[in-house]
Amino acid sequence: MAKSKFEYVKSFEADDKILQNCWIVVRIDGKNFHKFANTHNFEKPNDIRSLNLMNFAAGCVMKEFNEIIIAYGQSDEYSFVFHRTANVYNRRASKIVSNVNSLFTSSFVFYWNRWFGDQKLQYPPCFDARYVLYPTTENLKDYLSWRQADVHINNLYNTCFWNLVLKKGLTNVEAEEKLRGTVSSDKNELLFSEFGINYNKLPAMYRKGTILLTKQIKIDESRTRKIAIPIYDDLIKEKFWKEHDELLLRKA
Ligand code: DGT
Ligand code: MG
Ligand code: MG
Ligand code: MG
C-alpha cells in the first residue's frame, strides 16, 4: 500500500528506549488517596483490605511481566523492579510504565469486591506512575531501603496519631502537637505506656510493608503456575539479600 501523505507525523515520535544495564524501577502511587481512604471508610492508620488489594493487584502485574524480580508496596504505592537485563518492549519507557500502571489499576478495580465486599467502589481510582533507573545494585538496594524506612517512620507516627485521636479523644491539632519533636523511642514509649501497645508486635505488614517475590509451583505433572508470594522481611538488612541472592542474578 502506498504511504499516505500523513505518514511523516510518525517521525515526530521520540525514541524513549531506557538505558541498557540499569535496574528499572516503576513506582505507582494512588492519586489523592487521602480522599479515597476517607470516602471508602478505610481503617486508620492501616486498612487491611486496601493493603491486601494493593498486594493482589501488584501480584497480577508480576505474573504478567516475568522480568520483574521483586516488588515492594506500602500505603498507596508499589514499586516494581525490572531486572537490569530486562528486554520487555525493547525497553521502551512509555510502553513499560503505562502498561504496568494500567494493569495495576484495572486489577485494583477488577478485584475490589474480593476484599471490600459490600463496601462499593465510589469512584474510579487513579494512580500515577514513573520510572527511575539505578545503575548499581547498591543504588537499587538503597532505593528499596528508602521506601521501607519511609513506611517505618510514617507508620509509627500514624499509629501514635490515630491512637491519640481515636482512643484518647484528642483533636488532630492536639495530637500533632503532642508528637512534635518526638523521636522513635518516645513514640514507642507513648504507645506502650498510654495504650499498652508493643509496637514491635503489630502486624509486620503494617510495620515493614510488603515484599512480593514470584515462585513457580507445580499444579500437576505437566503444568506449573506462577504465584506471587508476600513476605514481610527487613530488606534494609544485608541478610535479606544474602538469603535471596538469586534475585539479582539473571532471571529466565
Ligand atoms: P498524591 O499521592 O499526591 O496524589 O496524594 P495522596 O493523598 O495519595 O498522598 P500520599 O500518597 O503521600 O499518601 C497516601 C495517603 O493515603 C495518606 O493520606 C493516607 C492514605 N492511606 C493509604 N493507606 C491507607 C490506609 O490503609 N488507611 C488509611 N486510613 N489511609 C491510608
Ligand atoms: Mg498517593
Ligand atoms: Mg503514597
Ligand atoms: Mg497496540
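The notes below deal with the structure included here. Think of each chain on its own: its residues are numbered from 1, step by step along the sequence as written. Each chain takes a letter, starting from A, and each ligand takes a number, starting from 1, following the order in which they are written. pLDDT decides what is reported in this predicted model: residues at 70 or higher carry local features, side-chain atom pairs at 80 or more are listed and counted, and totals for whole chains, interfaces and linings draw on all residues regardless.

### Re the overall build of the chain
And then number 1: For the chain, the count of helices and strands is nine helices and six strands.
And then number 2: Projected onto its principal axes, the C-alpha coordinates of the chain cover approximately 75 × 45 × 45 Å.
And then number 3: Three exposure classes are used, all based on how many other C-beta atoms lie within 10 Å of a residue's own C-beta (placed from the backbone): buried at 20 or more, exposed at 12 or fewer, and partly exposed between those limits. The buried share of the chain, taken over its 252 residues, is 24%.
And then number 4: By the convention adopted here, residues are in contact when the distance between their C-beta atoms, placed from the backbone, does not exceed 7 Å. The long-range fraction of contacts in the chain, counting pairs at least 24 apart against all pairs at least 6 apart in sequence, stands at 68%. Labels follow the DSSP assignment, with helices taken as runs of H or I lasting at least four residues and strands as runs of E lasting at least two, numbered in each case from the N terminus.

### Observations regarding helix α7 (residues 184-195)
And then number 1: Helix length check: α7 (12 residues) gives 16 Å between terminal C-alpha atoms against 16 Å at 1.5 Å per residue, within 8%.
And then number 2: Two residues or fewer after α7 comes glycine 196, characterised by a positive phi angle close to 65°. The span one expects for a helix is its residue count, reduced by one, times 1.5 Å.

### A few points about the packing of helix α2 (residues 48-64) against helix α3 (residues 93-110)
And then number 1: To define axes, lines are fitted to C-alpha atoms, for helices over the stretch in contact only, and angles between the resulting N-to-C directions are given on a 0 to 180 degree scale. In contact at an axis separation of 8 Å, α2 and α3 are set at 135° when each is read in the N-to-C sense. Taken together, the axis directions place α2 and α3 in an arrangement best described as oblique. For the element pair α2 and α3, the recorded crossing hand is right-handed. In this structure, α2 uses Leu53, Ala57, Ala58, Cys60, Val61 and Glu64 to contact α3, whose residues at the interface are Val100, Leu103, Phe104, Ser107 and Phe108.
And then number 2: Here the nonpolar group is Ala, Val, Leu, Ile, Met, Phe, Trp, Tyr, Cys and Pro; Asp, Glu, Lys and Arg are the charged ones; every other residue, Gly included, is treated as polar. Its residues placed into classes, the contact of α2 with α3 shows nine nonpolar, one polar and one charged. For classification, angles of less than 35 degrees are called roughly parallel, those exceeding 145 degrees roughly antiparallel, those between 65 and 115 degrees roughly perpendicular, and all remaining angles oblique. Throughout, a crossing is termed right-handed when the near helix is turned clockwise from the far one, and left-handed when it is turned anticlockwise from it by less than a right angle.

### With respect to unusual backbone geometry
For residues other than glycine, phi is negative in most cases, and the peptide bonds are mostly trans.
And then number 1: Residue lysine 44 is joined to proline 45 through a cis peptide bond whose omega torsion reads 0°.
And then number 2: Note on placement: proline 45 falls in the loop between α1 (33-39) and α2.
And then number 3: For serine 75, which is not a glycine, the phi torsion comes out positive at approximately 50°.
And then number 4: Assignment of secondary structure puts serine 75 in the loop between β2 (68-74) and β3 (77-82).

### Description of the site of ligand 1
And then number 1: Close to ligand 1 lie 17 residues; Phe33, His34, Ala37, Phe42 and Asp47 are nearest.
And then number 2: Listing elements by their share of the shell around ligand 1, those giving two or more residues are β1 (23-30), α1 and α2.
And then number 3: The biggest single contributor to the shell around ligand 1 is α1, with three residues.
And then number 4: In terms of residue class, the shell around ligand 1 is made up of five nonpolar, six polar and six charged. Any residue whose backbone-placed C-beta atom lies within 6 Å of a molecule or strand is treated as near that molecule or strand.

### Focus: the environment of asparagine 99
And then number 1: Inspection of the secondary structure puts asparagine 99 in helix α3.
And then number 2: The sequence separation of asparagine 99 and phenylalanine 65 amounts to 34 residues, and the corresponding C-alpha distance is 9.8 Å.

### Looking at the sheet that holds β1
And then number 1: Pairing between strands requires that DSSP locate at least two bridges from one strand to the other. Read from one edge of the open sheet, six strands run β4-β1-β3-β2-β5-β6, paired in antiparallel fashion. Where the open sheet ends on each side, the last strands, each with one partner, are β4 (127-134) and β6 (224-231). Going across the sheet, the axis of each strand differs from the next one's by a mean of 25°, ignoring polarity.
And then number 2: Of the strand pairs in this sheet, β2 and strand β5 (residues 210-218) are connected by three bridges, and their pairing is antiparallel. Bridge pairing in β5 places alanine 71 opposite leucine 212.
And then number 3: Taken strand by strand, α3 contacts β1, β3 and β4, and its axis lies near 135° from that of β4.

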